[in-house]
Each structure stands twice: as structure tokens, then as C-alpha cells.
Number of protein chains: 4
Amino acid sequence: MIIHLKKESDKQRIQDLINHTAGITFEQSGQTVLVTSSKIKSVPETFHSLIEEQFVMESDIQLAHNSYIKKRSVKIGQLELGTNQSTHLMAGPCSVESWDQLDRSASFLSGLGIKTIRAGCFKPRTSPYTFQGLGEEGLRLLIKVREKYGLNIITEVKDSTHVDLVLKHADIIQIGTKAMYDTSILRACGRTKKPVLLKRGFGSTLQEFVQAAEFILSQGNPNVLLCERGIRTFESKTRFTLDLTGIAFLKEYTNLPVVVDPSHAMGYRYGVADLTRAAVAMGVDGLLIETHPNPNQAQSDAAQQLDFPTFEQMFSTLKPVAESVGRKIS
Amino acid sequence: MIIHLKKESDKQRIQDLINHTAGITFEQSGQTVLVTSSKIKSVPETFHSLIEEQFVMESDIQLAHNSYIKKRSVKIGQLELGTNQSTHLMAGPCSVESWDQLDRSASFLSGLGIKTIRAGCFKPRTSPYTFQGLGEEGLRLLIKVREKYGLNIITEVKDSTHVDLVLKHADIIQIGTKAMYDTSILRACGRTKKPVLLKRGFGSTLQEFVQAAEFILSQGNPNVLLCERGIRTFESKTRFTLDLTGIAFLKEYTNLPVVVDPSHAMGYRYGVADLTRAAVAMGVDGLLIETHPNPNQAQSDAAQQLDFPTFEQMFSTLKPVAESVGRKIS
Amino acid sequence: MIIHLKKESDKQRIQDLINHTAGITFEQSGQTVLVTSSKIKSVPETFHSLIEEQFVMESDIQLAHNSYIKKRSVKIGQLELGTNQSTHLMAGPCSVESWDQLDRSASFLSGLGIKTIRAGCFKPRTSPYTFQGLGEEGLRLLIKVREKYGLNIITEVKDSTHVDLVLKHADIIQIGTKAMYDTSILRACGRTKKPVLLKRGFGSTLQEFVQAAEFILSQGNPNVLLCERGIRTFESKTRFTLDLTGIAFLKEYTNLPVVVDPSHAMGYRYGVADLTRAAVAMGVDGLLIETHPNPNQAQSDAAQQLDFPTFEQMFSTLKPVAESVGRKIS
Amino acid sequence: MIIHLKKESDKQRIQDLINHTAGITFEQSGQTVLVTSSKIKSVPETFHSLIEEQFVMESDIQLAHNSYIKKRSVKIGQLELGTNQSTHLMAGPCSVESWDQLDRSASFLSGLGIKTIRAGCFKPRTSPYTFQGLGEEGLRLLIKVREKYGLNIITEVKDSTHVDLVLKHADIIQIGTKAMYDTSILRACGRTKKPVLLKRGFGSTLQEFVQAAEFILSQGNPNVLLCERGIRTFESKTRFTLDLTGIAFLKEYTNLPVVVDPSHAMGYRYGVADLTRAAVAMGVDGLLIETHPNPNQAQSDAAQQLDFPTFEQMFSTLKPVAESVGRKIS
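Residues numbered from 1 in each chain as written. Chains lettered and ligands numbered in written order. Predicted model: local features only at pLDDT ≥ 70, side-chain atom pairs only at ≥ 80, totals over all residues. Heavy atoms only, no water.

### Topic: the overall build of chain A
Going by this rule: By the criteria applied, helices consist of DSSP H or I runs no shorter than four residues and strands consist of E runs no shorter than two, each listed in order from the N terminus. Each radius of gyration reported is based on C-alpha atoms, and the globular scaling rule is 2.2 Å times the count of residues to the power 0.38. The buried label applies to any residue whose accessible area, calculated with a 1.4 Å probe on protein chains only, is under 20% of its type's maximum; exposed applies above 50%, and partly exposed to all values in between. Should any heavy atoms of two residues lie within 4.5 Å, those residues are counted as being in contact. Only four residue types enter the tally: Lys and Arg on the positive side, Asp and Glu on the negative side, with His and both chain ends excluded. Taken as the charge centre is NZ of Lys, CZ of Arg, CG of Asp or CD of Glu, depending on the residue.
Secondary structure assignment for chain A yields 10 helices and 15 strands. By the compact-globule yardstick of 20 Å for 330 residues, chain A fits well, its C-alpha radius of gyration being 21 Å. Across its three principal directions, the C-alpha atoms of chain A cover 65 × 40 × 40 Å. Within chain A, buried positions represent 66% of all 330 residues. Across chain A, every contact between residues at least 6 apart in sequence was considered, and the portion connecting residues at least 24 apart equals 68%. Of the charged side chains in chain A, 38 are positive and 35 negative, and the gap between their average positions amounts to 2 Å.

Given below as C-alpha cells:
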């Protein structure tokens, strides 16, 4: 259950309640919020005087459930995601590979009016014998490109060793699909107020996905974006299976903005535009799409990154789809 | 490989070639077409004089591959699916339950300008202790409703015992998800020219799905619609996972019109409208959606059928989405 | 619920109860058994005088649940499966291809003391351009081989068109993985008393699998064997994933003998012996294994069929494993 | 490819080769081994004089492939896993909860002659509102129990924040299923020589699983155990699906000892004994099983932990099964 504690309450009594429930507290709008296991449906009467408001919850999807807070929005620079006004397009190469590659990407995206560039520095590769990302050097290039073009940067944390570095420098912290269960990363992201884009693990249920967001929310950071990027199924013609049925679930039951990454789901250039339009028509709050000045030379995800003319062609089709469902592309 | 045989060829020599290749023949535009295993990449020189044109194929997706015929279209009454002009909406209750239920459904759909009604008579239920469909009596009610409202009727074949009956009376034969591998049904559907809507098995790969269509096409019926209706994955919050990534594959590599059934994928009313809009934005050729005058009383699929006001509300939003991608709703 | 009706009851009152509950009846040990939807937890008091015994059930796994009947056994010739005494080995080629191939197989298996030969006549292939089985001719060869070697024959039904033929001639009717949902086949198999080996659909849940058995049981045939043969998962190194966790479930909750087919799960020769030993150590009641005089020339499943020396080598290792868990190989 | 470099080679030339191939080197038996991407099939002639032996590989399963080294064994205390002599049983509670709970477990296991105790300190829970493990305090209790009973201890690393601590104190480092892709953990484990039990991610392919082991091996630690613990499939009656088909693959193609964890796959007490016997009959090198003095009071995995009498009963059945396949239980 979620308990809003009265502001003037005795600190020791509050601590007694925390101990009794083995719960977690954080500050929200100047108030202490206590979250216990959802199995707890009430607290002993002796603690009732501490409680301003309480919410009994069905499962450990608690702070993210729309029966608690109807809808949350997340600010990214001047923009606000989750207000049903617009779909925010984040794009860029899979990995930072060089200044030239990043600069050309940023120049291209900036020219289209896109406000947020994506690119990975710490790459969670499945083989040790491939490109592992530029690491901290990549982050420096991202910072430089932000200065030059005024873009927001979103980049990935893959494990706890570099989480502080990314937290410090990125505008949006991306928790990668393979790191979704890393509770140290999740908690670290909960101790900032920066927007966190949490990717669903490709083998993770929707329940686990939203519970991962609870690790962040329950540390006091309300700025979480849920990103569906394809789940692993028996189908092997496509890299993953984009779970838009899951997006419908997230929209129905959670209060967090939802983002779709069609590039990783598809795994090939050919379906990205179609899936992007599908996501826009569903009214998602954001999109994460890979584009590269020369995809065939890319050091990772070569098959799925769009070249610039293809990206631009797709981009030009998004506005009418967004408008048809009462939104803009931002 | 696919071989177009010369019209004037000696019948015995043709038979020799068929025997040699263990292939299948059918008539197409007054010409005999021979299809062999795709592992055969050439035939002996002695047969070359019989060949007008030949197509070496990579896999047993042959007649349905767009490297053979770029794009096929299928006529349903006055309409033509697969021309990139429109998305055809087929709707109606899960099962025929009574004349009153069917008549109310037909009246409602007809009033919206919808041209094709769906409803099952032979229900492939997973328990023997539930409603099994009205069978032949259901078919009679469908015929009656067609006469009254001038609607096309689409209804499901679930096994070989009633395939002739459905073939005779339905305007579109639906092969259900659980019958996709039933080669007797597939071949029977290949011996008519009526449109066949083939549903993907929920545990079937895209390769197998299109190969099932090959059973129909290679009997000489070119009028096949491929219908994605959700695949079975580890996710249990939704009934199935709608594989729109797979739709992108089908659009890229096959020549057959594609249809999406969001109702069965979702399994709940709440996401149907969003997934329908997503499918329209992807430029699919058809939609199959469940609606019922009183969903909570439905004898099957009660959770996912839309009531009429909800359906109508959704219906009103489809036209702008279709127009945003250069299509109409038909 | 399952209701055992009193023998002397009024027929009209019984019919009233059947109509009231929309249930199914069959005869069992001279008694009429009525099975209703498991959602029905009681019947009106007016019918109580008809009831000898009743079983309220949790789900539509009813006749197969071991809370109804603790354990069922199935006779195959002189043998009895399901008594915890032995594991019955059924083996043979994937398909009947020729008299010579079948005769050599039967001679080999017979020489090892194996009592049941498997081989398919009606093959549920996923491509129309491959070998489709010898059909009725294959069945004739099986009958001939039975006469010559005194073996039981098990062969597959793939759709309703040939179910009567197989029911008439086979000793054990195999319902193939792709036909598990075919309720016409299931019901037809319920109207005989012959043993039916029901394969789990590779995309089917355990709940659906056992409910398919309910279609047979509720027609009055208690002789059902449940066969696990691998399910479809994201893993593609192996053909399917053998669900031995599912076997544990079936042993814990159902009363039917369980059979494992390691050949189709593995898809390659190399793991078959190991998985067979695993199944024996789990105490399964039967095994279904593919072996062929010349696997590389096999017209179907070439990669997974064992040649005779390999089969014999494996066979020799099974007895000690069976004995280690208190069983024999039969 | 894998290249064994000649011992006397010029260091600068070796560095040139490393740079040219973007490969990784480590020391093995006093020799430098270079591993490049498997896409590299040869190196320029100028480097040939540096090469003592080279192995061209098909995929990035390289050091773990049995075409490179036929079979590796791993020492745990006095024992050696991977010699086809025995199956090593590791058992204990899911989590360290208290000294009393751990002491009773160790006393019980020790009494049975079991040599290795498992128990988690850093728990990768999917909800922030449940027990998260005792952390460093748990590790202290494990060290104490090791001293008291002379047991080996195996405990889990869940993220990079505590990897050094576990590396220092545990006898076997367990990389949890949710941490399999954490390349920082993998590399850290590669810099020790302690045995590492790598659990397969429940959404991870066998290819990715073995490639994760490559991260450890290519840092110079050859002591890796591959542990299958169930994968996520559509089946929900059991917690996961134990992939013994995958174990057959690992035994056929890799050189690493294999371990099976039936407890997490099953998720319930009832199937654990059967699956354990299945694994033993397959000839696996190790087992990891959960047992708890009072499972219903366990703070994690309560449903699947065996109580001591049940564990002991199961344990007594393993020896004959092991012997039937020519092994011992160690």
C-alpha cells in the first residue's frame, strides 16, 4: 500500500511504522510517502494518526499505477511528454563511433527540427570479440555535440560501473534492455531527478517491467519513461517482436509516458517506417529510432539503422499520422 | 522452382517432368504452372523445350513471394483488397448465437456502411464443456442475414468435416488459427476461387504461415488473404502478442494482401481501438474485429468483443488515420 | 462438475438435467457420467435424487484430473501403461516410405524385443512441395508388417478425412501435434476404445493439452496417453524445447499415462539418447523415438532419426536407468 | 579465430597484430593467446611468423568450443567437475536469512555428505517492496558457516557494485540469470581464477549464453560452469521451462562443465526430484537445488524450496541413477 504521511508526524513513530511494514519512503511535494509490499492491506490502528491518505494496491505496480496518480508527465528540456499533445522523436546512431559520424548525425537531425539525439557509449554486446563502444570518450563527444547543436542527449547505462558518469552528463538516462533488472542502476537513477528512459527487458514480463520502474519511483524520481523495444519470441524472421499489445496494457493501467523503439524490434531497415507510423497512431509519447550516416559501415546494428534519406522520407510521413490522432511530432 | 510450361507442349513429356520433379501443377491464365521443391534449382536439359519461363526460388515460399508476382489483389464483392487504396473492415460477433443477436449486429454494421460481417458457426473451443457453436444452423442464419442486408459473410472452417459446407455458402472462407496446418482444408480451399482468409497459427512461424498459403495457391486459387491475429509469447497480461513486426515482413516479401485481427491478440476490449489504428497506419489491407450487441452475455470471447457504442466510437476515428497514409476505410 | 448418475433414474429427468447444465454424458462401468462446465459448482435441489456421487472441479481439466480418478492405466496388447512398472518404448521411422524400409525397421526393432512400431502415413508437412506420405498405401504396409512381426502399430491422424481409416486399422491412434485442437478427430477417437496417443501442440499450454484429452474422455474412451514432444520457444539451436517441467506437472495433477518423444524436440540425432535417459529417469510411461535404416535418405526428419547401431547402443543403456527408478523397459 | 602466439615473439609485432585484429589476449599455460572476431578467418602473411597454432572458428563461441579444447574441467576444493566421473550437488536456501537458518541448513547438508552450500546475499528481486537480501552481512554468515562445517560456499553477484566483495570471499561465484549480460561482472570474474557458475539468462539464447562465458574465458579464467535454470516460454503452469534440450546442445558443442538448477525452473516443490533425476541421467556435472529448514517461512522462493525430509528422500534416490550412467554423486 501507499501511505501519504502527515507532515507534522513524530519522526520516531514514522520510523516505527517503516520498520513495522518493512517499507520504503521518499519525499514527494514536501511530504513523506511510504510504500509497503502490496500484500499489506492495512496498518495497525496505532499508526492511523500518522496517515493523511492511503492507497491499497493489488500488486507491486503501485506508484506507477493510474489508480494512484492518473497520469504523470516528464519534462525534457522545453518539452513535456505524457500530456497527450505530442509524440517526441529521439533519433541517432546506435553507437558513438567518431566525431565525424556524430557531428553529421546531429547536423542532419537538427536540420529536421529534432530535439534529442541518441547514441550509445557503453555498449552491452553479447560477444567480447566485437566493438564495445567508446566509453567515456563517447560521452565527451556527445557533450560536444550537445553544445554545438543544442540537442538533448540520451545515452545508455549498461552496468553500475559507469552509472554516475552517465547520470552526471546525459539529459536522459537510458537503462538498456539487458540492464532492466539491475537494481543498483535503477536505485541510482531514482536518486536524481533527470528523466530516465527504462527499456523493457526482451525477456521480461510487463509486470516486471513496471516493477523495475517502481525501483526508480520509490527513490523519489518521478521522471520515468517506459520504452517497449521488442520481446523475444519463437519468430526468427524478425529480430524481436514489437509488443504493441503491451503498449496498450501500459497505457490502460500505468501513469507513465510510453516510448516505442521500432528499430531494435524489427532488426532490419525495411519495417521501421511502418512500425513507427503504427506507434504514432497508437498515441505513444515518444519514439527512439536509429539512423546513421552510413549504416553499412556501422560498428553495431548495421542492418537496422536508417540512412539519412530513408529517415527523412519516413519523418515526412509522421506529421499527418500524428495529426490524425490529435497529436504533433515534437 | 516455379515453371511456366509452354501451352502447346506434349502432355506425356509434361507428365515426365512432373514425375521427375515430384512437383505440383495448376492452371493459371490458361497456362500450366509447375511448382517443385525450392531445393530444385534447375531441370535436366531434355525438359528445357517445355519451359516458357522459370523462377528459381530460395525457400518454399514460392507462389506467394513477391519476386515471382509483385502484388496480388483479392476481390470481395465490389471491393478489391491489395491495391493500396483501402483497408477493408470486417466485423461482427465471435459466434452466431441467435437470429436476434446476428440480426442486430448486421443492422448495426450495415448502418455504418460496413460491407462484410464475421461470425463463427463451427467453434474450435479448447474445452468440450463450453459452447461449441451452432454449426450448420448458424450458417443458415448467416445466409439469411446476407440476404436481408446485402453483406458479405466470412465464417470459419475448423476441420475437414464441414469444409464443403462452408466453401459452398460463405463469401470468404476463414481458416482458423488452430486449423492453419490442416492440409486437407487448405487443399480444399485451393479448389475453389473464393477468397480465403488464412489465419496464422498462434504458434506458427511466418515461414510456415506463408507456406500454408502455398497449399492453397498451388491448387489454383490465387485469392488468399494472410491474417495476423497474435502469437503466443511469455507475456500473459494480454491474451496474445500482436505481431506487427511480422506484418512488416509479410508486406516486404510476399505478394498477398494482409489482414489484422486485433481483437483476438488483445483479448480485452481496452486495447482494440489503439491496435486497430496502429494496423491502419501500417497500411494493412483488411481488419477483422469482434463486436457484439451485449458482449458480457456473449457465449465466447466475452472479454474482447466491443459493444456497439464503443465500436462506433472507434470506427469514427479510423478514416483520418487511413487518410493520413493515403487510404480509405472500405 | 462431474456427476455419477444413479442407475435407475428416470430418463426424462436425466435429460432435463443434461439440458439444464448443457453437459456431456457417457457410459462408464455401466453407469452414466455427466460432465458440465467446471464453472457449475452445484445443481438445483430438484435433481439431487438423480445423483449418486459428484465432484466439483476447479477447471475444465476434469476427467483427467487425479482428484477425480487417482490414476488410469492403458492397455496396449499384453502391456499396461501407467502402472509405474515399466516404460514402454515405441520406435520406428518418421514415415512409411517403402516395404523394404518398413520391413527392415520392424525386423530390427523386433530383434531388440520392442513391441510397438511407429511410422506415419498421412504426414502433416508444412510445405506442399515435399513428401506428403504414402497415405492409405502406407497403412497397408503397416498392417502387413504387423502380421509378419506381431508388432503393435501406432500411426498418426492429421485431419478428419482419414480418421476412420486409422481408427479401424491402427493399434494405437496418434493425434499429431498440429492436430491437437481438431475436435472432430478428438471426438472420433472418443467413440472407440482403442488407445489414443495425444501429442501436445507445440504452441499449446498444458491446460489446453489436457483439455484436448477431455474431448476424448468425455466421449467414453478412457484410453488416452499424453505425449510431450517439445514446445516452440525462442531457442533456435534445437528444433523445439522438450518440456520436462511440463511432464512433472502432468504427473502431479493428471491421471493419464505420460509419453515423451525426444526425437522431435531435439531435431538432431546427437541429443536423443541423453533426453531419452532423462525421460526414463523421470519415470515416464512411454517413449516415442525415431529410427530409420538409412536416416540420411529419409524423406522426412532426416536429421533426427537414429540409425540402427546408434539406436541399439542407446537402447542398451536404458535398462539400468529404468531399474535405478524401479522400472523396466517394456 | 584463436591464435597461440609463439613465446619468443617481438612484443611490438604482437601489439601490431592485436591492433590489426582488434583482438583480446590473455595468458594460458605461459603462452599468450589472441582471440579475434570469428569473422576474421586469417591474418596477413607478415604476422605468420608470430603464430604457433591457429584455430579458425565458425562463430564467437570460440574458447568454449570443443573443436578448440575438447573438454575442460573445473576444480572445486578437492573435487573436479567435468571429468565424467561424478555429478556435484550444491544445495541450500535461496537466501541467507539468519544465522540460525543458515547454520541448520549447513548442518543438515553436511550430515548428508554434501560439500557445497548455496545461499544468496544480494538478491535480484523484481519488486523493490520485498526482501532484498542481507547483503554483506549475509556474506559474513556464509564465511562463518564455511569455517564451522568445512563447506564450499557459492553465492550470487547481481550487479557490479559488490562483485569484488563476492570474488574475494566466495569459493564459487554465481552470476545470476538476470546478470548474464553484465559484461563488467563477466570481465571481473575473468580476472580471478576462482570457479564461476554462470547462469543462463531466462530470455537468453544458447549462443548468447556461451558467448557470455567467452567474456570470462578471454580474460584468462578457464574455470567456468554453465548453468541451465529454465527459460521463459508461453507455459505458465510452471515457473520456467527447464531446457534440457539445450543441455544436450551444450554437451555436444562446448567444452565447459554443465550444471542444472531444477528448483528455479519448476518453481514448485513437486517436480524438483523428478527433474533432478532427469538431469543426473543426462550426465550433468553439477546440480544446484534449493532447500530450507522451513520453506513456507522463506523470505524468497517459498514455493520451490524443499524441506529437509523431502530433500533427504530425493537425495537418497540419486546415487542409483548416477550409477546407472556410470557416475557418482559428489
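### Re the sheet that holds strand β2 (residues 24-28) of chain B
Residues and elements named next belong to chain B. Applied cut-off: Strands were regarded as paired on the criterion that DSSP finds at least two bridges between them. Helix axes use the C-alpha atoms of the stretch in contact, all axes being lines fitted to C-alpha atoms, and the angles between their N-to-C directions lie in the range 0 to 180 degrees.
Sheet architecture is open: four strands sit in the order β2-β3-β1-β4, paired in antiparallel fashion. Sheet topology places β2 and β4 (51-55) at the edges, where each strand pairs with a single neighbour. Each neighbouring strand pair of the sheet contributes to a mean axis angle of 25°, computed without reference to strand direction. Looking at chain direction, strand β1 (residues 2-5) and β4 are connected through four bridges and run antiparallel. The partner of His4 across the bridge, within β4, is Glu53.

### Things to note about the nonpolar core
Selection criterion: Only buried residues count toward a nonpolar core, which is a set of Ala, Val, Leu, Ile, Met, Phe, Trp, Tyr and Cys residues joined through side-chain atoms within 4.5 Å.
Ranked by internal contacts, the top residues of the largest apolar core, which has 178 residues, are A:Leu198, A:Leu226, A:Phe311, B:Leu198, B:Leu226 and B:Phe311. Excluding residues that lie within four positions of it along the chain, A:Leu198 makes contacts with A:Ile175, A:Met180, A:Leu186, A:Phe209, A:Ala212, A:Ala213, A:Val224, A:Leu225, A:Leu226 and A:Cys227. Membership of the second largest hydrophobic core comes to 177 residues, among which are C:Ile153, D:Leu198, D:Leu206 and D:Met314.

### What about the interface of chain A and chain B?
Put simply, the test is: Note on definitions: buried area is the accessible-area loss of two parts on being combined, 1.4 Å probe, summed for both. Within this document, salt bridges are pairs made up of a side-chain nitrogen of Lys or Arg and a carboxyl oxygen of Asp or Glu, the two lying within 4 Å of each other. Under the grouping applied here, Gly and all other residues not named as nonpolar or charged are polar, the nonpolar ones being Ala, Val, Leu, Ile, Met, Phe, Trp, Tyr, Cys and Pro and the charged ones Asp, Glu, Lys and Arg.
Between chain A and chain B, the residue contacts involve 39 residues of the former and 39 residues of the latter. Where chain A abuts chain B, roughly 3000 Å² becomes buried across the two surfaces, and 69% of that area is made up of carbon and sulfur atoms. Looking only at chain A, the three residues that lose the most surface to chain B are A:Phe234, A:Thr245 and A:Tyr270, adding up to 22% of its buried area. At the junction of chain A with chain B, the criterion picks out four salt bridges. In this structure, B:Arg200 and A:Glu235 form a salt bridge, with 2.8 Å as the shortest nitrogen-oxygen distance. Elements represented by at least two residues in the side of chain A that touches chain B include exactly α6 (206-217), α7 (244-253), α8 (262-266), α9 (272-281) and α10 (308-324) of chain A. The element best represented in the side of chain A that touches chain B is α7(A), accounting for seven residues. Among the residues forming the side of chain A that touches chain B, the class breakdown is 20 nonpolar, 10 polar and nine charged.

### Some points on the relation of the copies chain A and chain B
Our working definition: Here the copies were fitted onto each other by least squares, based on C-alpha atoms from residues at pLDDT of at least 70 in both.
The two copies are related by a screw operation: chain A maps onto chain B through 180° of rotation and 0.0 Å of translation along the axis, at an RMSD of 0.0 Å. A rotation of that kind, with that shift, is consistent with a two-fold axis. Among all residues of chain A, the minimum C-alpha distance to the rotation axis is found for A:Ala278, at 2.0 Å. When you check the interface residues of chain A against chain B, 100% turn up at the interface there too, and the contact is symmetric in its surfaces.

### Re the packing of aromatic side chains
Heads up, the rule is: Two aromatic rings, drawn from Phe, Tyr or Trp (for Trp, its six-membered ring), form a pair once their centres lie within 6.5 Å of each other, and the interplanar angle then sorts them: stacked below 30 degrees, edge-to-face above 60, tilted otherwise. We call a charge positioned over a ring when the NZ of a Lys or the CZ of an Arg lies within 6 Å of the ring centre and within 35 degrees of the ring normal.
With the rule as written, the count across this model stands at 36 aromatic pairs over all chains. Between A:Phe311 and A:Phe315 the ring centres are 6.4 Å apart and the planes differ by 10°, which places this aromatic pair in the stacked class. Remark: A:Phe315 and A:Phe311 occur in helix α10; sequence separation between them is four residues, near one turn of the helix. Accessibility classification places A:Phe311 together with A:Phe315 in one group, the buried group. When the ring centre of A:Trp99 is taken as reference, the NZ or CZ atom of A:Lys144 above it lies at 4.2 Å. The residue whose ring lies beneath D:Arg229 is D:Phe240, and the NZ or CZ to ring-centre distance is 4.3 Å.

### Quick look at the domain arrangement of chain A
Where interface size is given, it is often the accessible area lost as the parts come together that is meant. Selection rule: An automatic or database domain assignment provides the domain bounds reported here.
Once the domains are mapped, chain A shows domain 1 (2-55) and domain 2 (74-329). A C-alpha centroid distance of 36 Å is found between domain 1 of chain A and domain 2 of chain A.

### Focus on unusual backbone geometry
Residues and elements named next belong to chain A. Non-glycine residue Ser29 carries a positive phi angle of around 50°. Among the secondary structure elements, Ser29 is positioned in the loop between β2 (24-28) and β3 (31-35). The class for Ser29 is exposed, based on a relative accessible area of 71%.

### As for the pattern of salt bridges
Summed over the entire model, instances satisfying the criterion amount to 61 salt bridges over all chains. Linking A:Lys319 and A:Glu323 is a salt bridge whose minimum nitrogen-to-oxygen distance equals 4.0 Å. Pair noted here: A:Lys319 and A:Glu323 are both in helix α10, with a separation of four residues, about one helical turn. A cluster of three or more residues bridged by salt bridges with shared partners is formed by A:Arg200, A:Glu228, A:Asp243 and B:Glu235.

### Brief notes about the side chain of A:Thr205
Filter applied, for reference: For this analysis, a polar contact is any N or O atom pair within 3.5 Å, provided that within protein one partner can donate a hydrogen and the other can accept it, and provided that sequence-adjacent residues contribute only side-chain to side-chain pairs.
Of note, A:Thr205 is situated in the loop between β11 (196-199) and α6. A:Thr205 gets classed as buried once you look at its relative accessible area, which sits at 15%. At a separation of 3.1 Å, a polar atom in the side chain of A:Thr205 contacts the main-chain amide nitrogen of A:Glu208. Each residue touching A:Thr205, except ones within four places of it in the same chain, is listed here: A:Arg200, B:Phe234, B:Glu235 and D:Arg232.

### A word on the environment of D:Glu252
Its place among the elements puts D:Glu252 in helix α7 (residues 244-253). With relative accessibility at 36%, the residue D:Glu252 sits in the partly exposed group. When the C-alpha atoms of D:Glu252 and D:Met57 are compared, they prove to be 16 Å apart, with 195 residues separating the residues in sequence. If we ignore the near neighbours within four places in the chain, the residues touching D:Glu252 are C:Tyr270 and D:Asn66.

### Considerations on helix α1 (residues 11-21) of chain B
Residues and elements named next belong to chain B. Heads up, the rule is: Note that the arc is defined by the directions from the helix axis to the C-beta atoms.
Taken residue by residue, α1 has Ile14, Leu17, Ile18 and Thr21 as its buried positions. Buried residues in α1, looked at end-on, bunch into an arc of 100°, giving them a common side. Packing partners of the buried residues in α1 comprise β1, β2 and β3 (31-35). One or two residues past the end of α1 sits Ala22, with phi positive at roughly 55°.

### Focus: the packing of helix α9 (residues 272-281) of chain B against helix α10 (residues 308-324) of chain B
All names here are of chain B. Just so we agree on the cut-off: Should an angle lie under 35 degrees it is considered roughly parallel, over 145 roughly antiparallel, and from 65 to 115 roughly perpendicular; all remaining angles are considered oblique. Here a crossing is taken to be left-handed if its near helix is turned anticlockwise relative to the far helix by less than a right angle, and right-handed if that turn runs clockwise.
One way to put it is that α9 packs onto α10 with a least axis distance of 9 Å and a crossing angle of 20°. Considered as vectors, α9 and α10 are oriented roughly parallel to each other. The element α9 and its partner α10 pack so that their crossing is right-handed. Touching Ala273, Thr276, Arg277, Val280 and Ala281 of α9 are Met314, Thr317, Leu318, Val321 and Ala322, all from α10. Taken together, the residues that form the contact of α9 with α10 break down as seven nonpolar, two polar and one charged.

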